[in-house]
Amino acid sequence: MPQRSARTDRTGPTRRAVIGGIAGTGAALLSGCGSAGTRKTLRWWSPQASPDQVAGYRRQIARFEAAHPGIRVRFEPTSDEGYPAQLAAAFASGQVPNIVTHLPSFAAQGYYARGLLEPMDDVVRAIGPDRYYPHANDVYRTADGKLCAVAFGNTAVDMLWMRRDLMARAGISEPPRTWDQLRAACRAMQRDGTYGAPLPFGSNSMTSLIFVGFVHRAGGQVFAPDLSVGLDAEPTYAALDFYRSMREFCPPGATGFGWAESLNAFTSGATATGIYGGRVLGNVARQNPKLSGQLVCATYPTRAGGAAWTFNDFPSVLIPRGAPHLAETKMFAAGLFDPAGYVPTLLSAPGHILPPLKPIAESKTFLSDPVIAANRPAVELMATSAANGRNLGFESEKHRPNPRAGEVIASNVLARMVQQVVLENVNPRTAVGEAAVHLDRLMKA
Amino acid sequence: MSRRLPDAAVGPLLVVPAVLLLGGVVAWPLASALWLSLHSLYTPTLEGPWVGLGNYAAVAGDGAFWHALARTLVWTAGSLSLQLLLGVGFALLLHREMRMRGLARGLVLFPYFVSTVVAVLVWRWLLNDLYGLVNQLLLASGLRDTPVDFLGVMPNAMLSAVAIGAWKFFPFVTIAVLARLQTIPDQLYDAARLDGAGAWDRFRDVTLPELGQVLGIVVLLRAIWDFKEFDLVFLLTGGGPVDSTRTLPLLVYQQAFGLNQMGLAAAHAVAMMLVMLVFAGLWSLAMRVRA
């Protein structure tokens, strides 16, 4: 067996040379990292992350990065169901994103009340307060008089969508205004494998958020203006009774419906009516264009004699406290409203996120979009409804902002109550009583 | 002048890395969970007052924990039983001489390899009431007039979760049992045949006793993993309808990230660990007694 000679060892690289080489490579890599490290990275989260919307964000990012070569922006999608957990973990670990868009106003109020957000007043100043519609940012005003977020858009989340062809076939001339009319319309239109409505009965945020609207359309409220629990009242029982009566018009799988399933049920033609925001317009145009000319949009019916109530989640822009590069982040936040990038992003889901900035809403670029132009009455109705809209964090003019609304929704207490009554035939008094106790405990936790 | 460590110190020193590693990955997280469970903490800030055993009293007094425990036991027992049935069945099948046995052995592992998220998405799609293949087949065959709601009502939701869980995890049982089957001496079967034992007798009197030890380990491991299974159940049903499939891990998640009560969630998690320890201890004891 040949032995390696000392001579052979000497012709190879010496140990010192190898160590020197490694050190040199490391130093070179580190110096490379250093030059890359001088570029500041901003992380942007949003639960609104359909492929077209993300493409819009990337164009906005590209414009911003071109104008600010020292800054890099990384978009990271989250979801309506997932953001509370992801943000909680991010805050707890200190790894918060720099900017979060499209979160509902009540989430912003909740985080701000815990000292987790930066005030956004100077961002509004940079955008231009006069460009906003009056009161557009009131929903973000906090107890200390500052803004916990700024309006990125408005969404009329729970509009009633119908189809002219099915209405005509059923002999319905105009959209129903009351629950009785809606029930009758669904009964008339439900045939040939098409269900009446895609109301959600799932154990999720959509069921809770949508049901809050029904409580209000029955004349009730979940919390009183002083934020004591106001659920255990006659309107809640009326809303539950109506909601339960609608079960026969909804697909069997509505017991698991979330936003996507409910939307898809209508746009695919599986249900005769829909309950959703303006995303219906874009999705129908893209995925089922034969329905495009058939769409009718109305505010969701109310109990007889009730007042209309539209759920607007008030999609926001907020900046978590503790993220690095605050000045650059605020610059980026204000830059998001630059019409050159903002309008195409809005139009990536036409009619879904409606501009809270007057010059944008009235701009030719926005209004000449084919989907917007073809559905002007629907878009205008959604804009008006959203402007007067409310949500659980801001149930009426008289209500204080509810900083626990996000936790109420995430707890699924309301969805659970609906499921108990509709799916398990639990006595409504028992279900509402339990829910009220849970809510009270949550508010005091 | 070099100093030499005394021999008595070398042993403990060599153990130090292992102790540090175990301390870092086992003791520290466990101690952290215990510490968190003694506070009332708001998750995003991890700040809050010391409440001592208050969270544990809340856990014991709250029906949600016990209901979730019952559901966890149903899920674990149901899924594990099916996994054993399928796993042993497939292992016996794949142990036989047959064509393309290698390919079949590879394919049977597929559910175990596929990501849970993908598996759940596929199953949700298959079971969808409006577009799902399963319901389309049921309607087309005339077995049903209306689609079946597999995931939104009870007992369908739990049965579906159990069945999909069994489909996802039975290959683990198959691998373990198949490996053991290949080491059972043929002479045992030959002797049984000479004694007039039929196929069922050979399975009961030779195969099963030989598999006893490996099945014991498999049951222990799979029971622990199923007991703390989160993603499959969460993605499939979200804990619904109402709370019918809200197992303990889902309850912990909801406490920690839905309600932002990290202290209470940690107490739930510690209680869950204690339950697992008790079961694992009893099982080990039973195995030892049987041995």
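One numbering rule holds for all chains: residues counted from 1, following each sequence as written. Following the order in which they are written, the chains are lettered starting with A and the ligands numbered starting with 1. Totals for whole chains, interfaces and linings use all residues, but because this is a predicted model, local features are given only for residues with pLDDT of at least 70 and pairs of side-chain atoms are given and counted only at 80 or more. Water and hydrogen atoms play no part in the side-chain values, which are based on all heavy atoms of the structure.

**Some words on unusual backbone geometry**
Line of reasoning, step 1. Of note, the bond from Met154 of chain B into Pro155 of chain B is cis; its omega dihedral lies within 30 degrees of zero at 5 degrees.
Line of reasoning, step 2. Mapping Pro155 of chain B onto the fold places it in the loop between helix 7 (133-140) and helix 8 (156-181).
Line of reasoning, step 3. The peptide bond linking Gly240 of chain B to Pro241 of chain B adopts the cis configuration, its omega dihedral lying at -5 degrees.
Line of reasoning, step 4. Note on conventions: DSSP H or I runs of at least 4 residues are helices, E runs of at least 2 residues are strands, and numbering of each starts at the N terminus. Along the chain, the position of Pro241 of chain B falls in the loop between helix 11 (231-237) and helix 12 (248-258).
Line of reasoning, step 5. Phi angles above zero are rare outside glycine, and His325 of chain A is one such case at about 60 degrees.

**Notes on the domain arrangement of chain B**
Residue and element names in this part refer to chain B.
Line of reasoning, step 1. Throughout the structure description, domain borders are defined by an automatic or database domain assignment. You can read the domains of chain B as domain 1 (1-37) and domain 2 (53-290).
Line of reasoning, step 2. Spacing between the C-alpha centres of domain 1 and domain 2 amounts to 36 Å.
Line of reasoning, step 3. Note on contacts: a residue pair is in contact if any heavy atoms of the two residues lie within 4.5 Å. Residue-level contacts link five residues of domain 1 with eight residues of domain 2.
Line of reasoning, step 4. Two parts placed together each lose some accessible area under a 1.4 Å probe, and adding up what both lose gives the buried area. Taking both partners together, domain 1 and domain 2 bury about 460 Å²; carbon and sulfur atoms supply 73% of that area.
Line of reasoning, step 5. Contact with domain 2 buries area across many residues of domain 1, yet Leu30, Leu36 and Ser37 alone supply 78% of it, more than any other trio.

**Some words on the packing of helix 11 (residues 259-267) of chain A against helix 12 (residues 279-287) of chain A**
All names here are of chain A.
Line of reasoning, step 1. Only the stretch in contact is used when a helix axis is fitted, and all axes are lines through C-alpha atoms; the angle between N-to-C directions ranges over 0 to 180 degrees. Running from N to C, helix 11 and helix 12 cross one another at 55 degrees; their axes reach a closest spacing of 10 Å. Overall, the two elements helix 11 and helix 12 adopt an arrangement that is oblique. As for the relative orientation of helix 11 and helix 12, their crossing is right-handed in sense. Taken together, the residues of helix 12 that come into contact with helix 11 (itself represented by Leu263, Phe266 and Thr267) are Arg279, Val280, Asn283, Val284 and Gln287.
Line of reasoning, step 2. Note on residue categories: nonpolar means Ala, Val, Leu, Ile, Met, Phe, Trp, Tyr, Cys or Pro, charged means Asp, Glu, Lys or Arg, and polar means any other residue, Gly included. Among the residues forming the contact of helix 11 with helix 12, the class breakdown is four nonpolar, three polar and one charged. By the definition adopted for this analysis, an angle is roughly parallel if under 35 degrees, roughly antiparallel if over 145, roughly perpendicular if from 65 to 115, and oblique otherwise. Here is the rule for handedness: rotate from the far helix to the near one, and if that takes an anticlockwise turn smaller than a right angle the crossing is left-handed, while a clockwise turn gives right-handed.

**Quick look at the domain arrangement of chain A**
Residues and elements named next belong to chain A.
Line of reasoning, step 1. Splitting chain A by domain gives domain 1 (15-155 + 313-387) and domain 2 (159-311 + 397-444).
Line of reasoning, step 2. A C-alpha centroid distance of 29 Å is found between domain 1 and domain 2.
Line of reasoning, step 3. Roughly 1900 Å² is buried in total at the junction of domain 1 and domain 2, and carbon and sulfur atoms are behind 63% of that figure.
Line of reasoning, step 4. Salt bridge, as used here, is a side-chain nitrogen of Lys or Arg placed within 4 Å of a carboxyl oxygen of Asp or Glu. One can count one salt bridge joining domain 1 with domain 2.
Line of reasoning, step 5. Ionic pairing is found between Asp52 and Arg286, a salt bridge with its closest N-O pair at 3.1 Å.
Line of reasoning, step 6. Elements with a contribution of two residues or more to the side of domain 1 that touches domain 2: helix 3 (51-67), helix 5 (105-113) and helix 18 (376-387).
Line of reasoning, step 7. Here the side of domain 1 that touches domain 2 takes five residues from helix 18, the largest share from any one element.

**Brief notes about the side chain of Asp158 of chain A**
All names here are of chain A.
Line of reasoning, step 1. Positionally, Asp158 belongs in the loop between strand 4 (150-151) and strand 5 (159-163).
Line of reasoning, step 2. For Asp158, a relative accessible area of 1% corresponds to the buried category.
Line of reasoning, step 3. Pairs of N or O atoms within 3.5 Å make up the polar contacts considered here, provided that, within protein, one atom can donate a hydrogen while the other can accept it, and that residues adjacent in sequence are counted only when both atoms are side-chain atoms. Within polar-contact distance, the side chain of Asp158 engages the side chain of Arg217 at 3.2 Å.
Line of reasoning, step 4. Of note is the side chain of Asp158, whose polar atom sits 2.9 Å from the backbone nitrogen of Phe311.
Line of reasoning, step 5. Not counting the four nearest positions on each side in its chain, Asp158 is found in contact with Ile210, Gly213, Arg217, Ile275, Tyr276, Tyr300, Trp309, Thr310 and Phe311. Buried residues are those whose accessible area, probed at 1.4 Å on protein chains only, stays under 20% of the maximum for their type, while exposed residues exceed 50% and partly exposed ones sit between those limits.

**Focus on the pattern of salt bridges**
Line of reasoning, step 1. Under the defined criterion, the tally for this structure stands at 29 salt bridges over all chains.
Line of reasoning, step 2. Note that Asp158 of chain A is salt-bridged to Arg217 of chain A, the shortest N-O span being 3.2 Å. Highlighted residues: Asp158 of chain A in the loop between strand 4 and strand 5 and Arg217 of chain A in helix 9 (residues 205-217), separated in sequence by 59 residues.
Line of reasoning, step 3. Judged by relative accessible area, Arg217 of chain A falls into the buried class, the value being 0%.
Line of reasoning, step 4. Salt bridges sharing common partners tie together Arg416 and Glu434 of chain A together with Asp243 and Arg246 of chain B.

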